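# Examining the three-dimensional arrangement
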Amino acid sequence: MDIKKVMVIGAGQMGSGIAQVCAEAGYEVFLNDIKDEFVDRGLGIINKNLNRQVEKGRLSEGDRDAILNQITASVQLEDASEVDLVIEAAVENMEIKSKIFTQLDEIAPAHAILATNTSSLPITEIAAVTKRPEKVIGMHFMNPVPVMKLIEVIRGLATSDEVYEVIEEMSHKLNKTPVEVNDFPGFVSNRILMPMINEAIYTVYEGVATPEAIDEVMKLGMNHPMGPLTLADFIGLDTCLYIMETLQEGFGDDKYRPCPLLRKYVKAGWLGKKTGRGFYQY
């Protein structure tokens, strides 16, 4: 199967990044969201990223314009009727994703693959709302998408080998490294990362050290490029809490219990960089 047209659903930070790398690889892209202003904001992010590349001499103005011309703004899910692949990057909520996939199953051509950029939700459960579970797969990109090389490619229970191979080949065309992962809560990345972040929050909660000290230990002692609490602020503390709850519910194991301090910060609206305050002030 040959992928030529792609729809990316969700024009936020992840969705706009996915649309950008698809357009850079020569795919025709619909960037879809529920409102024009959301799509415009996503296109603005892409434009800013590409302009930065032009300023650094890594991209010509002609190439930038050609990439932008590959992307079409969309606020109608019906635009999926002419694509070969949909990559859903909407909010991390099973009810919303299930609704989107139910609609896509009706709209998208029979041959189209339906992928989700979920960071923790079960692919098998998302696939179950469609009549094509063999064509549903996880493509978990890392943030920021244009920079990070990894895609976790997650097979649901019914995902076919052919669909996996098509997505693996496409990942290489996007200049990414696909890694095959099976469908367990949090997959590999967040199953390992989030408990580490949660433990770092416990060390603040218990008064073991300050956020600055904890981040310094992990950077200088463990060679992490960014401390876990800075990273948590960058990801969003609400997202961290949601993934920890997904892990705890999925495995039924108290080792994934979110730290009470994480819950407190989220209730206070201290969600990290996006709200100006988390473990640090921005």
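Residues numbered from 1 in each chain as written. Predicted model: local features only at pLDDT ≥ 70, side-chain atom pairs only at ≥ 80, totals over all residues. Heavy atoms only, no water.

- As recorded in an unreviewed UniProt entry, the protein chain goes by the name 3-hydroxybutyryl-CoA dehydrogenase, listed as coming from Anaerobacillus isosaccharinicus.
- Under the UniProt heading Pathway (unreviewed entry), the entry covering the protein chain gives this text: "Lipid metabolism; butanoate metabolism."
- The record held by UniProt for the protein chain lists under Sequence similarities (unreviewed entry) the comment "Belongs to the 3-hydroxyacyl-CoA dehydrogenase family." (UniProt positions renumbered as here; feature names shortened; annotations may be inferred.)

### Description of the UniProt feature "site: Important for catalytic activity" (unreviewed entry) in the protein chain
- The sites that carry the UniProt feature "site: Important for catalytic activity" (unreviewed entry) are, in the present numbering, His140.
- With respect to the helices, strands and loops of the structure, His140 is situated in strand S6 (residues 136-141).
- Leaving out residues up to four positions away in the same chain, His140 has contacts with Thr116, Asn117, Thr118, Ser119, Leu150, Ile151, Glu152, Ile154, Phe187, Ser189 and Asn190.
- Within polar-contact distance, the side chain of His140 engages the side chain of Glu152 at 2.8 Å. (Helix = DSSP H or I, 4+ residues; strand = E, 2+ residues; numbered from the N terminus. Contact = heavy atoms within 4.5 Å. Polar contact = N/O pair within 3.5 Å; in protein donor to acceptor, adjacent residues only side chain to side chain.)

### A short note on the domain arrangement of the protein chain
- Once the domains are mapped, the protein chain shows domain 1 (5-182) and domain 2 (189-275).
- Between the C-alpha centres of domain 1 and domain 2 the distance comes to 27 Å.
- Residue-level contacts link 10 residues of domain 1 with 6 residues of domain 2.
- Carbon and sulfur atoms supply 53% of the area buried between domain 1 and domain 2, which totals about 630 Å² over both sides.
- The tally of links between domain 1 and domain 2 comes to 0 salt bridges.
- Inspection of the region where domain 1 meets domain 2 yields 3 residue pairs in polar contact (both at pLDDT 80 or more).
- Looking at the side of domain 1 that touches domain 2 residue by residue, the class counts come to 3 nonpolar, 5 polar and 2 charged. (Domains from an automatic or database assignment. Buried area = accessible area lost by both parts, 1.4 Å probe. Salt bridge = Lys/Arg side-chain N within 4 Å of Asp/Glu carboxyl O. Nonpolar A, V, L, I, M, F, W, Y, C, P; charged D, E, K, R; others polar.)

### Here we look at the pairing of strand S2 (residues 28-32)
- A large share of S2 lies buried, amounting to 4 of its 5 residues.
- Across 5 bridges, the pairing between strand S1 (residues 5-9) and S2 is parallel. Across the sheet, the residue bridging to Ile9 is Asn32, located in S2.
- Considered for its hand, the β-α-β crossover made up of S1, helix H1 (residues 13-24) and S2 is right-handed.
- Examined bridge by bridge, S2 and strand S3 (residues 71-74) share 4 bridges and lie parallel to one another. Among the inter-strand pairings, Phe30 is bridged to a residue of S3, identified as Thr72. (Buried < 20%, exposed > 50% of the residue type's maximum accessible area, 1.4 Å probe, protein only. Pairing = 2+ DSSP bridges. Right-handed = clockwise from strand over helix to strand, strands pointing away.)

### Describing the state of the cysteines
- Under the defined criterion, the tally for this structure stands at 0 disulfides.
- With no disulfide of its own, Cys259 lies 12 Å from the sulfur of Cys240, the closest cysteine sulfur. (Disulfide = S-S within 2.5 Å.)

### Looking at helix H10 (residues 237-251)
- The terminal C-alpha atoms of H10, which comprises 15 residues, lie 21 Å apart, in line with the 21 Å expected from a rise of 1.5 Å per residue.
- Here the buried face of H10 lies against helix H7 (189-205), helix H9 (228-235) and helix H11 (260-267).
- Once H10 ends, the next one or two residues include Gly252, with phi positive near 60°. (Expected span 1.5 Å × (residues − 1).)

### Some remarks on the nonpolar core
- Ranked by size, the top nonpolar core spans 35 residues in total, and within it Val6, Cys22, Leu85, Ile87 and Phe141 carry the most contacts.
- Discounting residues that sit within four places of it in the chain, Leu85 has contacts with Ile3, Lys5, Val6, Met7, Ile113, Ala115, Ile167 and Met170. (Core = buried A, V, L, I, M, F, W, Y, C linked by side-chain atoms within 4.5 Å.)

### Details of the packing of aromatic side chains
- What the rule picks out here adds up to 4 aromatic pairs.
- Look at Tyr265 and Trp270: their rings are 5.1 Å apart centre to centre, the planes differ by 65°, and that puts the pair in the edge-to-face class.
- Take Tyr265: its relative accessible area is 16%, and that puts it in the buried class.
- Chaining the aromatic ring pairs together yields one cluster made of Tyr265, Trp270 and Phe279.
- Taking NZ or CZ as reference, Arg277 lies 3.7 Å from the ring centre of Trp270, over its face. (Phe/Tyr/Trp six-rings, centres within 6.5 Å; stacked < 30°, edge-to-face > 60°. Lys NZ or Arg CZ within 6 Å of the ring centre and 35° of its normal.)

### Looking at the packing of H9 against H10
- The N-to-C vectors of H9 and H10 enclose an angle of 100°; their axes lie 6 Å apart at closest approach. Judged by the inter-axis angle, H9 sits roughly perpendicular to H10. Of H10, the residues touching H9 (which contributes Ala232, Asp233 and Ile235) are Leu237, Thr239 and Cys240. (Axes fitted to C-alpha atoms, helices over the stretch in contact; angles between N-to-C directions. Parallel < 35°, antiparallel > 145°, perpendicular 65-115°, else oblique.)

### Observations regarding the sheet that holds strand S7 (residues 150-155)
- Overall, mixed pairing links the 8 strands, which are arranged S3-S2-S1-S4-S5-S6-S7-S8 in an open sheet. Each having just a single partner strand, S3 and strand S8 (177-182) make up the two edges of the open sheet. Averaged over all pairs of adjacent strands, the angle between strand axes in this sheet comes to 25°, irrespective of strand direction.
- Strand direction decides the pairing type here: S1 and strand S4 (residues 85-88), joined by 4 bridges, are parallel. Among the inter-strand pairings, Val8 is bridged to a residue of S4, identified as Ile87.

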